[in-house]
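# Inside the fold
Okay, here's what each chain looks like letter by letter:
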Amino acid sequence: MADEKPKSNLPPLSLHVPEPNFRPGDTVDYSGLEIPAAGAQARPDINTKPKDMRDMVDDMIRVLDDDHAAVGPWDPKLDDETLLKMLRTMVQVRTFDDRLHRQQRQGKTSFYMKCTGEEATSVAAAMALHADDMCFPSYRQQGILFVRGYPLTEMVNQIFSNKADKLKGRQLPIMYSSRELNFFTVSGNLTTQYPQAVGWAMASASKGDSRIAAVWCGEGSTAEGDFHAAMTFAAVYNAPVIMNIVNNQWAISSFSGFAGAERATFAARGAGYGIAALRVDGNDPLAVYAATRWAAERARTNQGPTLIEHFTYRAEAHSTSDDPTAYRSAQEREEWPLGDPINRLNKHLIQRGVWSDEQQEALDAECLEAVKEAVKEAAKNGILGHGLHQPFETMFQDVFEEMPWHLKEQAAQANKEREIKWPS
Ligand SMILES: Cc1ncc(C[n+]2csc(CCOP(=O)(O)OP(=O)(O)O)c2C)c(N)n1
Ligand SMILES: [Mg+2]
């Protein structure tokens, strides 16, 4: 019979429950964070085998140095025009986020999510891809749509779930979709886009096409089973896909430690699967661009998938339904040692002699005007609670090519009940 008492000569077993370094009110000290010098990382050839570049997963690719110069082998050597477009697009995203967040506070929509501080991880990445590469975003990659020229008014129509909303009010605000721009529908169910992206990439390869896929998820989302299933398929079939992990340190109120950050970097997960992996300063737009370019070239030439961890910081709340002052120190954002992507690119352009504070001010104002205009235009199609939404009966449509009899019956009954309850 088994001895039911604990053995007295062995220590009682225990679990480790991660605890973030700083809580509200704590003084933040990031001196323990290892941040390598910009330009110090070697750039492997694109046909390097994953096992021969494992040191990359604990390093951090950085291009912009402390004097705002672009240095080292990862400098993508972009021309002024491209850099200015990158800056402009990131400013557009931030301005849009601030303004639309405010619309939620004014009751014009039910929900909003910003990507403040993380703009480079979608804008610079999307700029390094071809326009016809297929993107599978999470809910914080609105930057891709800005790069690809999606009209702001269409975005606001979706956020307001109004009668012009192309998604007919069926998606949570900000969960955009654009087939034309190769932007897969954003899903609220975390990480479902990972196996979908890998599957799409496999289909592209099996058809002999030349388009690649790129997918994004947060660091918290890497704890989902879907992430690991996707990694296995990508590795086994050498799928032409770029898998981005945006490590913004937080998953709503859970810090990255709950997804494994205390044990290994998120990039290190690639090594276990035999997938090439890079770890990048996610607040350095040039580093993000360069890493994405490297991974895209690799995928395009049948060298296989790449995992990219973007090391960044979620500067604001998770969403309009969140209050981060309840669980993290407000000092974290101020002290974040990798700065802010817009600021850093602005300083780089000033250092290059092609930009000035006055030009930045004018750009900020111009972007604000464009967003105000888009909001005004979209509001004409309706805002939350104004009744200018999609006709009620449309919610039964589009599931089947031909509506089956039982849905027709349900729709008729729902309509009748609605007319009785709300005759107006
Ligand atoms: C399958 C699933 N589980 C839980 C949630 C609730 N949820 C929404 S966002 C989120 C945090 C995700 O954090 P992370 O992956 O780090 O992305 P971030 O929000 O930081 O960009 C959670 C737990 C969800 N939407 N789907
Ligand atoms: Mg996160």
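Residues numbered from 1 in each chain as written. Chains lettered and ligands numbered in written order. Predicted model: local features only at pLDDT ≥ 70, side-chain atom pairs only at ≥ 80, totals over all residues.

### Here we look at the overall build of the chain
Inclusion rule: Each helix is a run of H or I in the DSSP string that is no shorter than four residues. Each strand is a run of E no shorter than two, and both are numbered from the N terminus. Here the radius of gyration uses the C-alpha set of atoms, whereas the globule reference equals 2.2 Å times the residue count to the power 0.38. Residues are called buried when their C-beta atom has 20 or more other C-beta atoms within 10 Å, exposed when it has 12 or fewer, and partly exposed otherwise; all C-beta atoms are positioned from the backbone. Note that contacts rest on C-beta atoms placed from the backbone: two residues are in contact if these are within 7 Å.
The secondary structure content of the chain amounts to 12 helices and 7 strands. At 23 Å, the chain has a C-alpha radius of gyration in line with the 22 Å of a compact globule built from 424 residues. Counting only C-alpha atoms, the chain reaches 80 × 70 × 55 Å along its principal axes. Within the chain, the fraction of its 424 residues that count as buried is 42%. Contacts spanning at least 24 positions in sequence make up 78% of the contacts within the chain whose residues lie at least 6 apart.

### As for the UniProt feature "domain: Dehydrogenase E1 component" (unreviewed entry) in the chain
Put simply, the rule is: UniProt positions are given in the numbering used here, feature names are shortened, and annotations may be inferred rather than shown by experiment.
In this numbering, the UniProt entry assigns the feature "domain: Dehydrogenase E1 component" (unreviewed entry) to residues 88-382. Strand forms 11% of residues 88-382 and helix 44%; the C-alpha atoms that close the span are 29 Å apart.

### A short note on the packing of helix H1 (residues 80-105) against helix H10 (residues 341-352)
When two helices pack together, their arrangement is given by the angle between their axes and by how far apart the axes lie. The condition is simple: To obtain each axis, a line is fitted to C-alpha atoms, and for helices this fit is confined to the stretch in contact; angles are then taken between N-to-C directions over 0 to 180 degrees. For classification purposes, an angle smaller than 35 degrees is called roughly parallel, one larger than 145 roughly antiparallel, one from 65 to 115 roughly perpendicular, and anything else oblique. Take the far helix as the reference: if the near one is turned anticlockwise from it by less than a right angle, the crossing is left-handed, and if turned clockwise, right-handed. The classification used treats Ala, Val, Leu, Ile, Met, Phe, Trp, Tyr, Cys and Pro as nonpolar, Asp, Glu, Lys and Arg as charged, and all other residues, Gly among them, as polar.
Two numbers describe how H1 lies on H10: the axes approach to 10 Å, and their chain directions differ by 150 degrees. Regarding the angle of H1 to H10, the classification is roughly antiparallel. Judged by the twist between their axes, the crossing of H1 over H10 is left-handed. Across the interface between the two elements, Asp 80, Leu 83, Leu 84, Met 86, Leu 87, Met 90, Val 91 and Arg 94 from H1 touch Pro 341, Ile 342, Leu 345, Asn 346, Leu 349 and Arg 352 from H10. Residues that form the contact of H1 with H10 fall into these classes: 10 nonpolar, 1 polar and 3 charged.

### A look at the UniProt feature "domain: 2-oxoisovalerate dehydrogenase E1 alpha subunit N-terminal" (unreviewed entry) in the chain
The UniProt feature table records "domain: 2-oxoisovalerate dehydrogenase E1 alpha subunit N-terminal" (unreviewed entry) at residues 11-51. End-to-end, the C-alpha atoms of residues 11-51 are 38 Å apart, and along that stretch the chain is 0% helix and 0% strand.

### Observations concerning the site of ligand 1
Here is the rule: Here is the check we use: build the C-beta atom from the backbone, and if it is within 6 Å of the molecule or strand, call the residue near.
For ligand 1, the set of nearby residues contains 16 residues, the closest of which are Leu 190, Gly 218, Gly 220, Ser 221 and Ala 251. Looking at the shell around ligand 1, the elements with two or more residues in it are strand E2 (213-218) and strand E4 (250-251). In the shell around ligand 1, the residues fall into 6 nonpolar, 7 polar and 3 charged.

### Considerations on the environment of Gly 272
If you trace the backbone, Gly 272 turns up in helix H7 (residues 268-273). Look at Gly 272 and you get partly exposed, because 13 C-beta atoms sit within 10 Å. For the pair Gly 272 and Arg 54, spaced 218 residues apart in sequence, the C-alpha to C-alpha distance is 9.9 Å.

### What about the domain arrangement of the chain?
Going by this rule: Domain limits in this description derive from either an automatic procedure or a database domain assignment.
For the chain, the assigned domains are domain 1 (50-321 + 329-379) and domain 2 (392-421). Computed from C-alpha coordinates alone, the two centres of domain 1 and domain 2 are separated by 39 Å.

### Looking at the sheet that holds E2
Note the cut-off: Pairing between two strands is assigned when DSSP locates at least 2 bridges connecting them.
Taken together, 5 strands build an open sheet; the order of strands is E1-E2-E3-E7-E6 and the sheet is parallel. Only two strands of the sheet have a single neighbouring strand rather than two, namely strand E1 (134-136) and strand E6 (276-281). Sheet twist, expressed as the mean angle between neighbouring strand axes with direction ignored, is 20 degrees. Of the strand pairs in this sheet, strand E3 (residues 241-247) and strand E7 (residues 306-311) are connected by 6 bridges, and their pairing is parallel. Directly across from Ile 245, in E7, lies its bridge partner Glu 309. Lying over the sheet, helix H5 (residues 193-206) contacts E1, E2 and E3, oriented at roughly 170 degrees with respect to E2.

### Some details on the pairing of E2
Put simply, the rule reads: Note on handedness: a crossover is taken as right-handed if, strands pointing away from the viewer, the path from the first strand over the helix to the second is clockwise.
Most of E2 sits inside the fold, with 6 of its 6 residues counted as buried. Residues Ala 213, Val 215 and Cys 217 line one face of E2 and the alternating positions Ala 214, Trp 216 and Gly 218 line the opposite face, and both faces are buried. For the handedness criterion, the β-α-β arrangement of E2, helix H6 (residues 225-237) and E3 is classed as right-handed.

### A closer look at helix H8 (residues 285-300)
One turn of an α-helix holds 3.6 residues; hence residues three or four places apart share an orientation. Quick note on the threshold: Any helix carries an expected span of 1.5 Å times its number of residues minus one.
Counted at 1.5 Å a residue, the expected span for H8 with its 16 residues is 22 Å, and the 22 Å between its end C-alpha atoms agrees. Buried residues dominate H8, accounting for 13 of its 16 residues. A positive phi of about 60 degrees marks Asn 302, the residue just after H8.

### Details of helix H4 (residues 152-159)
Most of H4 is tucked away, with 6 of its 8 residues classed as buried. Those residues of H4 not exposed but buried are Leu 152, Met 155, Val 156, Asn 157, Gln 158 and Ile 159. Summarising the contacts, the buried residues of H4 are in contact with H1, helix H3 (142-147) and helix H11 (357-379). Immediately beyond the C-terminal end of H4, within one or two residues, lies Ser 161, with a positive phi of roughly 45 degrees.

### Side note on the packing of H4 against H11
Two numbers describe how H4 lies on H11: the axes approach to 8 Å, and their chain directions differ by 50 degrees. It follows that H4 is oblique to H11 by the angle criterion. Seen from above, H4 lies across H11 with right-handed handedness. Along its contact with H4, which presents Leu 152, Thr 153, Val 156 and Asn 157, the element H11 presents Ala 370, Val 371, Ala 374, Val 375, Glu 377 and Ala 378. Looking at the contact of H4 with H11 residue by residue, the classes come out as 7 nonpolar, 2 polar and 1 charged.

### Here we look at the pairing of E3
Counted residue by residue, E3 has 7 buried out of 7 residues, so it is predominantly covered. Side chains of E3 alternate between two faces, with Val 241, Met 243, Ile 245 and Asn 247 and Ile 242, Asn 244 and Val 246 buried alike. Strand direction decides the pairing type here: E2 and E3, joined by 6 bridges, are parallel. When the bridges of E3 are listed, Trp 216 appears paired with Asn 244.

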